[in-house]
Structure formats: structure tokens, C-alpha cells
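Structural overview for review
Residue-level listing of the chains:
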Amino acid sequence: MIFGLVRGNSGQPVDPAGGHMRILIVEDDVDAAGAMARCLSETGIETVHAADGLLGLAAAQMGGFHVLVVDRMMPNMDGLTLVETLRREGDQTPVLFLSALGEIDDRVAGLKAGGDDYLVKPYAFAELSARVEALARRRETGSVQTMIKVGDLEMDLIGRVVHRQGNQIDLQPREFQLLEYLMRHAGQSVTRTMLLEKVWEYHFDPQTNVIDVHISRLRAKIDKGFDHPMLQTVRGAGYRLEV
Amino acid sequence: MAIALPRVFRTTPFRLTLLFLTVFAASASIFLGYIYVATAGEVTSRADQAITQEIQSLTGVYRQGGVKALNRSMVERAAGDRPFLYLLRDKTGQKVTGSLEASPVEGVIGAPSSVNFNVTDTDPDGAEIRHSARGQQVRLDGGEILFVAADVSAAESFVLEILRAIWGAGALVILLGLAGGIVISRNVNETMAGLNRVVLAVQGGHIAARVKLRGVNDEFDELASGLNDMLDRLERSMGGLRHVGDAIAHDLRSPLSRLRARLELALIEAEAGKGNAQAALVQALEDADAVLATFNAVLAITRLQSAVEAPDQVQFDPGDLAAGVAELYEPLCEDKAIEFKLEATPALAVRGNREFIAQALANILDNAVKYTPQGGAVRLRVRRRASGEVEFSVTDTGLGVPEPDRPRVVQRFVRLENSRSQPGAGLGLSLVAAVAEAHGGRLELDEGPGTLDGSGPGLRVALVLPRLG
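Not measured: the values here are computed from a predicted model. (Residues numbered from 1 in each chain as written. Chains lettered and ligands numbered in written order. Predicted model: local features only at pLDDT ≥ 70, side-chain atom pairs only at ≥ 80, totals over all residues.)

Attention shifts here to the overall build of chain A. Within chain A one finds eight helices and 14 strands. Here chain A, with 243 residues, has 35% of them falling under the buried criterion. In chain A, the share of contacts with a sequence separation of at least 24, taken over all contacts with a separation of at least 6, comes to 60%. (Helix = DSSP H or I, 4+ residues; strand = E, 2+ residues; numbered from the N terminus. Buried ≥ 20, exposed ≤ 12 C-beta atoms within 10 Å, placed from the backbone. Contact = placed C-beta atoms within 7 Å.)

Structure, rendered in C-alpha cells:
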């Protein structure tokens, strides 16, 4: 697994390729943070916990984290201020905001302050770990990517065509976007909510699981007639595109 | 030390009356003072003119006929009804003739100035009466000194009478004003007390208290009816809140009880070393998620309802938004062999929160797909009405909602008998209604195109947004 080089504010370079994923949890609810740490360590992620905003800022400034999970409301310094401070100092470590507030304007405020993703409490741990993983592997490539390849599946981003084992697969525009997202996160679990947010850009929960229907359509197109299925269902979490 | 005045003196109308009275009294004083000065001045100047004329006339007599003629004329005049007083003295100052014994002045004094002095007289009862008089004195050509005066006591008492009348009128005005102020204050005070009683009652928890209108449509009635309207709305929303509280308690109690039972059973079985703990946990998690989903939906609805208007409103093309949501639901329809069609008038514009409106539309479509049998048809239309309002309407060929139930299905947690078999908490349309209201629009439920076999009317649900501007 290759990560981008993450540089903390301390100037200490961190090479995630050499080690495992390390994230900072800034959360004043110690029980919640503990449960989160246990859940994330199950997936092999190392966590460091800071119990308030100021401690969190100090820890984040030391650098060396792949993702910061930051609660919105905390004593001493709130999450928004913490992230704004880091961003002003040039720290670009991905941030996942956690909040008990669920209104749209709260989410917008979080993203404006420099957050990269937003999760409303209470959340499923599968949702949390999927989002943390997605953030950690988000790679900022200097040059514009023109091809994505996952196993024998190839996506041409310029020509907007997809081939598997050399056979062209016809996709609707939305199906193309859906597959692109899955391919960019190949090997990771992505939840239904993540797909709805990142592909459709809706931030509500539909009463019926409409995403499942879209996935099964896509699956029929990319997996049907091939010897091994790539689009897997992850129980209790969502989906994963695997080689 | 502060003196505790009776309440009526502390009221605003009374204070305003006092202020008005003060201003009125001040201006009346200036006005009446001017009248006094003008009247008094007129009286003296007339007297002075008469004296000057009398002296001129006497001087004329003297020039023609000498002291003798003057003397005779003075005697004649004194016997007449002219109210003049005379004194003629010779060169040495000895009295020659006249009705006065002595002159109040030595030198010559003439028009335009006169001298004021008093003369005493005796009335028929022998009592002394003081008269005020004004006089002028001239030296005649022969050296004699002539003093002519006029009794001005009558004129003076006239002026005094005017002054007294002015004082009396002023006092009367102030008294009447005070009385009026008290009456008005009492009246206003009573009305205000009625309002106050209601405010205190509501503070004390009696939300049903209302102000009685006097039926005169004045500003107090307006205030009172405004207060009553406000209380009505407050009472309704409190009732709504209580309803939500009850509904949440009711709707969350059973899944929570189920969750608890499942966990307890799993624990007992795990301790006994039997049963499938993992399956029980999966079930418990699902129960918990259902509870949370209900909770979140209720929260979203109440937040929308308590907001003055939906946040983050932008102008957008409703056709685009509908196309996006339609695209999300289209495969679902296809799976259920439902014919789905979107008809949108291009290039319309509405203003609103895209996210909320998309969610509302998703909820309507969700219901339509849920309640339309296989082989049915769902149609989503976006168009502008003649009124300028923009409507998103969804028709389906399901059984529809009987007319008497239509207002009810919009309420929170209301689920009709034949929908119980379907998943959902009965919050979908409540959210749509809340979204409509937060945009100044409304939700309409009608008959649809009917089921294919004619067993039901189908349903038409329309989210109507107000026209721009």
C-alpha cells in the first residue's frame, strides 16, 4: 500500500509506506474515543487520543498523522478553530469532523473551515473506518490522472470508456461516476452513505436503499460473464471493489 | 424619599395629561398675560388722551376769557357728568379753585406721560373710599398752574376683573384637565390590567388564558387580538410539541423494548453457553439503527418547523433537481416493473434549499414506488402554474389515500392501515410538509390517475413552491 508523503507542521517527514496508518482522535468524550480507538485498531489503524481542543492542536502540530478525526464541540478550543488554525499554518492533513449536530449549515461550516469530510453522531463504526481509510488514501497527484486500472478493469477518464479484459463496457454517466469512485477506492470498503454523498451529492438518507439497486445494475455490467466478481458486498458496511 | 403615589397617578395617560396640561397652562398664561397687558395699557392711554383733550379745551377757554372764564368753565364742568378733577393755582401756588385741595406734583407734567395718585372720597355711609386717578399739569400763559386728573378706578377695577376671570378660567382648565386625565387613566388602566392579568396567567402556566376584546376596534383591541393570536399559535405549537413527545415516546418505546429484550435474552443464552449471540447482536444493531433513523427524522422535521425559513436558499432550476432525484429512483421503478416518466418544463427557476427539496422529492417518490403495484406507472412532473407557483407533482397508480385520511397522513407518525405492512415510520410526508412550509409553499394530496384495474383512485402528491420575487 503506498501512501503519499505526509508532512506535519513540525517539519518531521513521515513515510506511511514504512509503517501502518496513524490517526489522531480529538474528542472530549473519553468513552467514545476509547470505543473508536478499539474499533479502528481492529482494522490495523494506530490511534492517538487528545481529550480537548488545545491538546489536539498541540498533538496535530507535532505532525505524523494520516488523518485527524476532530469533534466539533470541545472544551478549551472547538474543532472548527482547531482545523482553521492548522490550515492557516499550512497543514493539509485530511480532517474528518465528528458532530452531534446534523444540520446542513453545520456541515457546510465544517467544510469551509478546512474539513474534508463530515460524520454525524451516532455513526456506525463501519462508516467511520471506511471514511478514515478513504481520507488516508486520498492522494493528491500533481499531474492529472487519465487512466485508472484495477486488476483487469480499465477506465479511460478522457475518452469516458471502460474496458474489462479488453471488452468495452457501456455505462450510463452516473454508472461511470459510481465506478470511478469505487475504482479510486479499490480495496477499501465504501458505505452507501458515502456513495450517495460523493457520487450523487445528496446528504440525506433515502428511506429505501436506492443505492443497492444502482450497484446491482453496475455489477451486472462489469461482473456478468467474467470468471471472478470484482464488486463485493461488505456485510454491515457497504461495497468494495476488489482485484 | 420616594412617595408612593396611587397607581392612577403613575400611569402613562395621566403623565401625558400632566405634560399636556403644563404645556397648555404655559401657553394660556402667555396668551392671557398679553390680553391683560394690552387691556390695561389701552385703559390708561384712553384716560391720558381724555385728560390731554380736557386740558387743551380749558387752555382754549383761558386764552379767550382769562382766569374768570376758566373758573366758570371749570365750575360748569365739575357740575357736569364728566369725571374730571380740577385744581387751579395762582403764580404763588395758592389754590384758586377746583375740586382737589392739592396737586401731587410741583412741576409741569403733560402728554404723553401722566402722574398716578390716589384721591379719597366718602361714600353715603361715611366710609372712606380710595380712588386711583391720573393727572396732567400745565402752566398757563399768565403763570397760573392748572392740574386736570381723571378718576380711573372704574377702568382699573375692570382690568382687575379681567385678571380675576383669567385666574379662574386657568384654575378651571387645570382642574378639568386633571379630572379628565384621571378618567382616561382609569379607563386605560383597566384595559391594561386586563392584558396584564392574561400575561401573568400565561406566565403562571395557564396558556389557555385570553384577553377579552372590548369590541371597539381601537389600538387596545388590536393589541389584545394580537396577543390572543400569539397565544393561540403558542398553544398550538405546544400542543404539537406534546404530540411529538407522545409520538416519539410511543414510536420509540416498542423498538427500544424489543432491543432491550433481545439483548437480555442474548446475555442469558450466552451465560448458559447456548444460542446465537452474534445473530442477536446483528438484530439488536438493526433495531438501534431504526430507532436512530426515526429520531433523526423527527429532529429534522421539528428543526424545519421551528426555523423561520429554510436555511441556505439559492435559486435553481427545478427541472434539474427533479432529474437528479428521478435518476436516483428510476432503477428502483424498473426493478418493480413500474413505468416511470419525468416531464419537466425547461428553464424554470425557484428559490430554496436544494438539499431539503431533493429530500422531499425523494420521500414522495419513495412512497409512490412503495405503494404502486408491479406494472403500474409513476410520473414526476415539474411545471409552472398560472399563478406563477412551481409545482413538483408525483402521480401513481396505487390505491391512493381516501379523502378523509388525506390531511391525516401528513401528520407525524400517522400510518394508514394498509401501509402497516410497508417499512417506514410514517414521517416521510410530514417532512415534505415541513419542507414546503419552510419555503412558504404547501403540500397537496389529490386523486391520481387511478389504478389499472379501477380498484382505487391512485394518488397525486404535489409540492408547491411560491413564485420568485
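This part is about the interface of chain A and chain B. On the side of chain B, 20 residues touch chain A, which itself brings 19 residues to the contact. Going through the elements one at a time, helix H4 (104-112) and helix H8 (210-222) of chain A are the ones with two or more residues in the side of chain A that touches chain B. Of the residues that constitute the side of chain A that touches chain B, the class distribution is nine nonpolar, five polar and five charged. (Nonpolar A, V, L, I, M, F, W, Y, C, P; charged D, E, K, R; others polar.)

For the rest of this paragraph, the subject is the packing of H8(A) against helix H6 (residues 318-335) of chain B. It is at 8 Å that the axes of H8(A) and H6(B) come closest, and there the two elements cross at 75°. Put simply, H8(A) runs roughly perpendicular to H6(B). Residues Val210(A), Val213(A), His214(A) and Arg217(A) of H8(A) form the contact with H6(B), whose own contacting residues are Leu328(B), Tyr329(B), Pro331(B), Leu332(B) and Asp335(B). (Axes fitted to C-alpha atoms, helices over the stretch in contact; angles between N-to-C directions. Parallel < 35°, antiparallel > 145°, perpendicular 65-115°, else oblique.)

Residue and element names in this part refer to chain A. Strand order in the open sheet made by the five strands is E4-E3-E5-E6-E7, with parallel pairing throughout. Of all strands in the sheet, those with a lone pairing partner are strand E4 (45-50) and strand E7 (117-120), marking the two edges. Averaged over all neighbouring strand pairs, the angle between strand axes comes to 20°, with direction disregarded. Alignment of strand E6 (residues 95-99) against E7, held across four bridges, turns out to be parallel. By the bridge assignment for E7, phenylalanine 97 is matched with tyrosine 118. Helix H2 (residues 53-62) rests against strand E3 (21-26), E4 and strand E5 (67-71) of the sheet, and its axis sits at about 155° to E3. (Pairing = 2+ DSSP bridges.)

The antiparallel open sheet is built from three strands, whose spatial order is E12-E14-E13 (chain A). Looking at the sheet topology across the chains shown, the edges are occupied by strand E12 (190-191) and strand E13 (231-234) of chain A.

Residue and element names in this part refer to chain B. Of all 11 residues making up helix H9 (residues 428-438), 10 are buried, and the element is well covered by its neighbours. Every buried residue of H9 is listed here: Gly428, Leu429, Ser430, Leu431, Val432, Ala433, Ala434, Val435, Ala436 and Ala438. Structurally, H9 contributes buried residues whose contacts are with helix H5 (277-306), helix H7 (354-371), helix H8 (406-409), strand E11 (442-447) and strand E12 (459-465). Directly after H9, the chain includes glycine 440, whose backbone phi takes a positive value near 75°.

Quick look at the packing of H7(B) against H9(B) now. Residue and element names in this part refer to chain B. Between H7 and H9, whose axes approach to 9 Å, the crossing angle comes to 145°. When the axes of H7 and H9 are compared, the crossing they make is left-handed. Each of Phe356, Ile357, Gln359, Ala360, Asn363, Ile364, Asp366 and Asn367 in H7 lies in contact with H9, whose residues at this interface are Gly428, Leu429, Leu431, Val432 and Val435. Residue classes in the contact of H7 with H9 are distributed as eight nonpolar, four polar and one charged. (Left-handed = near helix turned anticlockwise from the far one by under 90°.)

What follows concerns the environment of Thr191(A). Turning to its location among the elements, Thr191(A) is positioned in strand E12. Once residues within four sequence positions are removed from consideration, Thr191(A) is found in contact with Ala126(A), Glu127(A), Ala130(A), Ala237(A) and Gly238(A).

The subject of this paragraph is the nonpolar core. Of all hydrophobic cores here, the largest spans 74 residues; its most connected members are Val325(B), Leu361(B), Leu365(B) and Val435(B). Ranked by residue count, the leading element in this core is H7(B), at 11 residues. Setting aside residues up to four positions removed in sequence, Val435(B) forms contacts with Leu304(B), Phe356(B), Ile357(B) and Ala360(B). The next biggest cluster of nonpolar side chains, apart from the first, holds 29 residues, and it includes Met36(A), Leu57(A), Leu96(A) and Val132(A). (Core = buried A, V, L, I, M, F, W, Y, C linked by C-beta atoms within 7 Å.)

Turning next to unusual backbone geometry. Here the residue pair Lys121(A) and Pro122(A) is connected by a cis peptide bond, since its omega of -10° sits within 30 degrees of zero. With respect to the helices, strands and loops of the structure, Pro122(A) is situated in the loop between E7 and helix H5 (125-136). Non-glycine residue Glu201(A) carries a positive phi angle of around 60°. Locating Glu201(A) in the fold gives a position in the loop between helix H7 (192-200) and H8. For Glu201(A), a count of 11 C-beta atoms within 10 Å translates into the label exposed. In the Ramachandran plot, Asn217(B) falls in the positive-phi region, its phi being about 60° despite a non-glycine side chain. With respect to the secondary-structure elements, Asn217(B) resides in the loop between helix H3 (153-203) and helix H4 (219-271). Judged by the 10 C-beta atoms lying within 10 Å of it, Asn217(B) is exposed.

Residue and element names in this part refer to chain A. Judged by how many residues are buried, E5 sits mostly within the fold: five of five residues are covered. Of the two faces of E5, the one lined by Val67, Val69 and Asp71 and the one lined by Leu68 and Val70 are each fully buried. As defined by bridge partners, E3 adjoins E5 across four bridges and the pair is classed as parallel. Residue isoleucine 25 lies in a different strand from E5, and its bridge partner there is valine 69. Alignment of E5 against E6, held across four bridges, turns out to be parallel. Its bridge partner being in E6, valine 70 is matched across the sheet by phenylalanine 97. At this point the chain moves from E5, through helix H3 (residues 79-88), to the parallel E6, and the crossover so formed is right-handed. (Right-handed = clockwise from strand over helix to strand, strands pointing away.)

With 88% of its residues at a pLDDT of 70 or more, chain A shows a mean pLDDT of 85. pLDDT under 50 marks residues 1-18 of chain A. Its contacts with residues more than four places away, or in other chains, come to 34 contacts. (pLDDT = per-residue confidence, 0-100.)

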